Each structure stands twice: as structure tokens, then as C-alpha cells.
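Coordinate inspection notes
Spelled out from the first residue to the last, the chains are:
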Amino acid sequence: MHKYSVATILLGLSILLFQAYTYSQTTPSDCNTQRKQKTIVVTSKTLDKRQIGLRIYKPEKCYNGYTLFTHQSLGGPGIIFHPIYLIDMKGNIIHQWMTDASPIFARLKPDGHLLYADGENLRGVDAQSNEIWHYPGCIDHAFQFLEDGNFLIARHEYIDGCLRCQDENNNPSGKPRIEIITRDKKVLWQWRGEEHVDELERLLGLKIVPIGRWCNNNACEILKDNHLGKKDARFRKGNIIFSFDALSVIGVIDYSTGEILWVWGPGIIQNQHTPTMLDNGNLLIFDNGSGRHWSRVIELNPLTEQIVWEYHTEPKEDFYSHNWSNAQRLANGNTLICEGIKNRIFEITPEGEIVWDFISTFNKTTGGETIYRAYRYSPEYVKPLLEMIRKVREVD
Amino acid sequence: MKKISLIIFAAILIFLLVIILNIVTPPKTYDILNKVLIQYGVQLEKGGSSPVVRDFKFPAKGKTFHTIIAQEKETRIEIEIIKPLSEEAAINYSESKYIIITSLYGPQIIPYTGALTTITDCPDDKKPEEIITEVMGKPVRVLLANATERYVLGVWEDDLIKQKAAFAVLYDRENSTHYQIIIFQPSESFDRNVVLDILKSLKKHPKELEN
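Heads up: these notes are all about the structure in this document.

1. Regarding helix 3 (residues 197-204) of chain A
Residues and elements named next belong to chain A.
- Taken as a whole, helix 3 has its buried residues at Val197, Glu199, Leu200, Glu201 and Leu204.
- Turning to helix 3, the residues buried within the fold contact strand 15 (240-244), strand 16 (249-253) and strand 17 (260-264).
- Remark: Gly205 follows helix 3 within two positions and exhibits a positive phi of approximately 70 degrees.

The structure is reproduced here in C-alpha cells:
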């Protein structure tokens, strides 16, 4: 018996050592190092396209938390409730907001309140969906809440109503604005897109024909402190990212002058959405690929303009959202992807393995359409909201 | 020989441990559907004893939104309750619900490229059938519609149709309460009489009637 016990212990130790070795070969930090050196292309196979609801969940490999999303609603008579959902990893609704206006997308604030854009207003609601704040101004695509309590918003200024793109003479009526506003609705900073067309043309080497929603901007984000910004002032903390999807262009604006400092994209990305800066200074972009009919998520080093990481499927056409959508890099190195047109939200590892996959069917009885964006939050981040909900239920 | 004895001993030990854990852990108890419905002053005379498998309630804008899912054997009852809701809002809301459900079986935009969703128009024989029945003394429109194995309406491809549902919305004016009821049964054994009987059995609770 003694002989067998020793053998068993030795075998166990060998397995542990082997696992430790393989783990060290695949840690996210190591993947990040590799990303800097060359483009890592990761792919996944297509799942059964007709499966719905929760399709994959590998808890040990996921960034476990809560996912926030809403189905865009076309509205219409009688549709008086517009739900926004917070679901757990098993696809169960943990909390639901019911809004008066039809939300495009929402983000959860650290204090547990929710902000959502409805195309016309940016609205803040509490856990019971009571409106506590709103800011008017055709805010249809992007906003960011800032650490100082202010908001960065991307909006369009229209001549007549929020959806009218052209006037009677087919001239564009929507003028892009990026603004920093205070909670008491004062505009602290404003960028007027139409004043920078010449800069854009010079940087791109292209002639821009300003028709329709030529300058439809689906992103605004203040760059965080990053090491690239220390090497190149264009990417320094405080400058602002924009994304004109109709021109397939992303760029960076100088906060102090409003000048466009850097642009990238035409000929490489198509109709992209939601570029966002990662901790390593790279940009994560959902490249919709509306011309090539397949989408990908890419990580770009803006300094070298090299794509250092890319995710698509094989066959490529199986991952495709010609419009909307976003990608979010999670704290464990995984990436949450919203394939908006298909109401699909999924999480992949740096190696492209799908570890969570969910297709929402919540819109089937509510009249909702596609999902514009989705966000994953850690349990810690959601705590204030859950606490508020618990108190409300106790009273109830 | 000693090794085999040890394995048998370990197996017996694990078996006993599992039994002990089962005894110590209290069985998961579920409310029955009527126990949840009583707070709204109604009950289902048929299907009301089905165990509740999901009970999700949240407040929003001064209203309570309550989703209850009960399932007994192969019959699943999903009820969504909104209270209070004005009659005018309820009429509009109900109408929109029927439009939404019907439109699920209308022409669809292809969600995927490729051959799997070539049927983008629902054949007439797979579209919802509308019938009128009486619930709580009022005529109610009922849509009999196909659903997937995961209880999602809006499906018409033969191999995906696994469930069939009766969908109805109704309004209790006295209590300003709006109900959306969906009753599912496997499509192969779907019995419309049984399902409609469940729906028609929604009644005011006797205590509510006394008041």
C-alpha cells in the first residue's frame, strides 16, 4: 500500500507541475506581449445558428458578472414600456428598468443609477426607473460619464428634429458635436465637426462629400493615461476619440485646440463602431465590415497603426453585423462582443475560445429590435444597484 | 485484495455521505401558482396548483411588473402582470402586444447570411390562429402560435417547432391590473381545449368576490 501511495502522490505532483507550466504559457499578460509583436488572429467555429438563449457558459474561463443591454425599439402606439435588462451569467434577468422613451443603449453608473440615450435625450434613472435627470440634444450614439461627475456626449445638431439628415436642398442638416456638459446642463467644452472637414481631408488625403449622415459619429471617449501618450502627444491623456462610421474613419481630437490630430481606417475598416482605448494604449474596435459582409473585432496599436489582435469566425460570414455592435475588453483579458443585428452577446478568450454565448429573445414579446451595445460589469460594480433593489423589495 | 476492499469502503462512504447530505439539506420548496396570484385577487381553477419555477417582480415608475412562470408536467404557464395600469394605457398596450406577436410570423429580415434561414416568409398554415374565448366574463382574443423548445414565439420551420402556445392579454378594470398569459404545451401533444380551459378558469378569488 505504501508503494502505491507514493506513486499516487508523485503522479499528482507531476500533473500539477504540468498544469502550472501550461498555464504560464497562456496567461493574458503573455498574450499581451505577443500582441505587440505581430497580429494574432483568433477564430472560432460557428455555433448552431438557430440556438437561442444561453448557448455556452464556461464559468471557469469567463469574466463572471452582469451584462447590461436593451433592444432598440421602433416604438409605435401602445408600446409604452421599453425594457433595459441586467442579466446574470445564466441569462436570468436580475433587474429590469422600464423607460418611457425608447432606449438605444444604456450604461450603469458606479452609484447604481442608469444612464441611457434615446436618440433625443440622455436620461438618468434610478433603480425604480424614475427619471432623475435628462439632457436634451439628439444624443444618439455615445456618451461617457467622467470621474468629475460631468458627461462627455456625442450628438448631432439638426435643423428640424433629431432624425432629419438633409434639408430641402439635400444639404446635410446634422452637424456633429462632441461636448462636455455638467450635471446642471452647462456646456463646458464643445467640438464642432463641420469646422474640421479641411483637417480631415488633409489627414486622410481624400475629398469628403458631405451628404446624408456623412459625419455620423458613434464614439466619444476621453483617452485615459497610457504609455503611448507619453511617447506621442497625439494619444496623451485627455484627448478625445471619435468614429465617423459612414466614412470608416476613427480619429483623435486635441482637447485643447479641437484640432484633429490622428485619423485611421479608410480601406481597412468598414462602418466601424465603438473604438475604445485599452489599458495598454491600443484601441479595440468593432469593424462591422458592411462592404465585405463579415465582421471582426480588432485591437489596433495607434502608434504603429498595426492590427495586433483580430477575431473573426470561420467561415467569416457567420460573424457579421452590418451595423451597430460593440466590443469590450474585460479585466481578465477576455473580450465581450455584441453582434448587434443578431441580438447576440458573447465572450471570447484571447485565444478566441467562446466561453459565454447568449442570444436574447426578450424582444419577442416586447417589440424590441436589435441590440446596439452591451456591457459587462463586475459583481463589485453592480453592488450599489443590487443594494438599492434589495431595499426597494424590502419596502415592497 | 486490500486495495479492492479500500475502494469498496470509500465508495460506501461516499454513498452514505450523499444520503446524509440529501437528508440534511431541506428540499427546495416552490410556491404554487395560485399562492402567488392571490395577491392580485385572482386564481386559476385549472393549472393553479402548478409549481412556480420563476417569480420575478420589480417596481418601475410607480408600477409593479411581475413575471411568474409555473410548470407542471408538460404544461407551462407564463403570466406577466402590470399593476396599476390605466384602462386607456391597457387597451393600447394590449393592442400592441397582439401586433407584436402577429408580426413575428410576418416577413422577416434574414438574420444570418447563409442557407439556414432561407424561409423568410411564414407559410399561412404556420401563422397564429386567432380565436375568441371568454375570460372573467369578457371576450378575449387568443392567439394559438408556434414556439421553439425554449418557449420562444415566432418560429415556423418544422424542425424548430417544438411547442405551441396560447397567448392572451386581459385587463381587470376593478383592480387596474393588466395580465399577459401564455400557456405552452409540446406541439405534438398540444390540446387546445385543455389550454383554453386553463385560460378560462382564471377567476376572481372567492375572498375578492366577498369584498
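2. Concerning the packing of aromatic side chains
- Enumeration according to the criterion identifies 25 aromatic pairs over all chains in this entry.
- Seen in terms of ring centroids, Trp189 of chain A and Tyr255 of chain A are 5.3 Å apart; in terms of plane orientation they differ by 20 degrees. Their pairing is stacked. Remark: Tyr255 of chain A occurs in the loop between strand 16 and strand 17 and Trp189 of chain A occurs in strand 13 (residues 187-192); sequence separation between them is 66 residues.
- Both rings, one in Phe319 of chain A and one in Phe346 of chain A, keep their centres 5.7 Å apart while their planes meet at 90 degrees; by these two values the pair is edge-to-face. Of this pair, Phe319 of chain A sits in the loop between strand 21 (306-314) and strand 22 (326-329) while Phe346 of chain A sits in strand 24 (residues 344-348), and the two are 27 residues apart along the sequence. An identical accessibility class is assigned to Phe319 of chain A and Phe346 of chain A; each is buried.
- An aromatic cluster is present here, built from Phe69, Tyr85, Trp356, Phe358 and Phe362 of chain A joined pairwise through their rings.
- Just above the ring of Phe105 of chain A sits the side chain of Arg373 of chain A; from NZ or CZ to the centre is 4.4 Å.
- Over the ring of Tyr151 of chain B we find Arg76 of chain B, and its NZ or CZ is 4.0 Å from the ring centre.

3. A short note on the sheet that holds strand 6 (residues 138-147) of chain B
Residues and elements named next belong to chain B.
- Strand order in this open sheet of seven strands is 2-3-4-8-7-6-5, and the pairing throughout is antiparallel. Of all strands in the sheet, those with a lone pairing partner are strand 2 (52-60) and strand 5 (129-135), marking the two edges. Here the average twist between neighbouring strands, direction ignored, is 20 degrees.
- Note that strand 3 (residues 63-72) and strand 4 (residues 75-83) share nine bridges and pair antiparallel. Bridge assignment links Ala70 to a residue of strand 4, and that residue is Ile77.
- Strands in contact with helix 3 (residues 87-103) are strand 4, strand 6, strand 7 (163-172) and strand 8 (177-186); relative to strand 7, the strand with the most contacts, it is inclined by about 165 degrees.
- Along the sheet, helix 4 (residues 192-200) makes contact with strand 4, strand 5, strand 6, strand 7 and strand 8, crossing strand 5 at roughly 40 degrees.

4. Examining the layout of surface pockets
Residue and element names in this part refer to chain A.
- Considered as a void within the structure, the second largest pocket measures approximately 1,600 Å³ in volume.
- Around the second largest pocket, the lining comprises 50 residues; the ones closest to its centre are Arg107, Gln144, Glu221, Lys224 and Met277.
- Looking at the lining of the second largest pocket, the elements that each hand over two or more residues are helix 2 (28-37), strand 6 (105-108), strand 10 (142-145), strand 14 (217-222), strand 18 (273-277), strand 22 and strand 26 (368-377).
- Top element by residues in the lining of the second largest pocket is strand 14. It accounts for five residues.

5. A word on the nonpolar core
- Judged by nonpolar contacts, the single largest core of 44 residues is most densely connected at Leu33, Ile79, Val142, Leu153 and Ile181 of chain B.
- Once residues lying within four places of it in the same chain are set aside, the contact partners of Leu153 of chain B are Lys364 and Thr365 of chain A together with Ile101, Leu104, Tyr105, Ala145, Asn146, Ala147, Ala165, Phe167, Ile182 and Phe184 of chain B.
- Counting 30 residues, the second-largest nonpolar core is a separate cluster that includes Ala101, Ile104, Ala106 and Leu108 of chain A.

6. Some words on the sheet that holds strand 13 of chain A
Residues and elements named next belong to chain A.
- In spatial order, the strands read 10-11-12-13; together these four strands make up an open sheet with antiparallel pairing. Strand pairing shows two members of the sheet lacking a second neighbour, strand 10 and strand 13, which therefore form its edges. If you compare each strand with its neighbour and ignore which way they point, the axes differ by 20 degrees on average.
- Both strand 11 (residues 151-157) and strand 12 (residues 175-181) contribute to a ladder of seven bridges, which runs antiparallel. Across the sheet, the residue bridging to Glu157 is Lys175, located in strand 12.

7. Examining the pattern of salt bridges
- All chains considered together, the criterion is met by 41 salt bridges over all chains.
- Among the ionic pairs, Asp357 of chain A bridges to Arg55 of chain A, the shortest N-O distance being 3.0 Å. Pair noted here: Asp357 of chain A is in strand 25 (residues 354-359) and Arg55 of chain A is in strand 2 (residues 53-57), with a separation of 302 residues, a long-range link.
- Using a relative accessible area of 14% as the deciding quantity, one classes Arg55 of chain A as buried.
- With a shortest N-O distance of 2.8 Å, Asp172 of chain B and Lys204 of chain B are connected by a salt bridge. Here Lys204 of chain B lies in strand 9 (residues 202-204) and Asp172 of chain B lies in strand 7, a separation of 32 residues in the sequence. For the pair shown, Asp172 of chain B and Lys204 of chain B are each scored as buried.

8. Focus on the pairing of strand 10 of chain A
Residues and elements named next belong to chain A.
- The pairing of strand 10 with strand 11 spans four bridges and is antiparallel. Bridge assignment links Ala142 to a residue of strand 11, and that residue is Ala154.
- Turn length for the strand 10-strand 11 hairpin, with the two strands adjacent in sequence and antiparallel, is five residues, and the turn residue Gly149 shows positive phi of about 95 degrees.

The rules behind these values
Residues numbered from 1 in each chain as written. Chains lettered and ligands numbered in written order. Predicted model: local features only at pLDDT ≥ 70, side-chain atom pairs only at ≥ 80, totals over all residues. Heavy atoms only, no water. Buried < 20%, exposed > 50% of the residue type's maximum accessible area, 1.4 Å probe, protein only. Helix = DSSP H or I, 4+ residues; strand = E, 2+ residues; numbered from the N terminus. Contact = heavy atoms within 4.5 Å. Phe/Tyr/Trp six-rings, centres within 6.5 Å; stacked < 30°, edge-to-face > 60°. Lys NZ or Arg CZ within 6 Å of the ring centre and 35° of its normal. Pairing = 2+ DSSP bridges. Axes fitted to C-alpha atoms, helices over the stretch in contact; angles between N-to-C directions. 1 Å grid on protein atoms, 1.4 Å probe; cavity = no way out; pocket = protein on both sides within 12 Å on 5 of 7 lines; lining within 4 Å. Points joined across faces, edges and corners; volume = space filled by probe spheres on them. Core = buried A, V, L, I, M, F, W, Y, C linked by side-chain atoms within 4.5 Å. Salt bridge = Lys/Arg side-chain N within 4 Å of Asp/Glu carboxyl O.

Nothing here speaks to function; it is all geometry.
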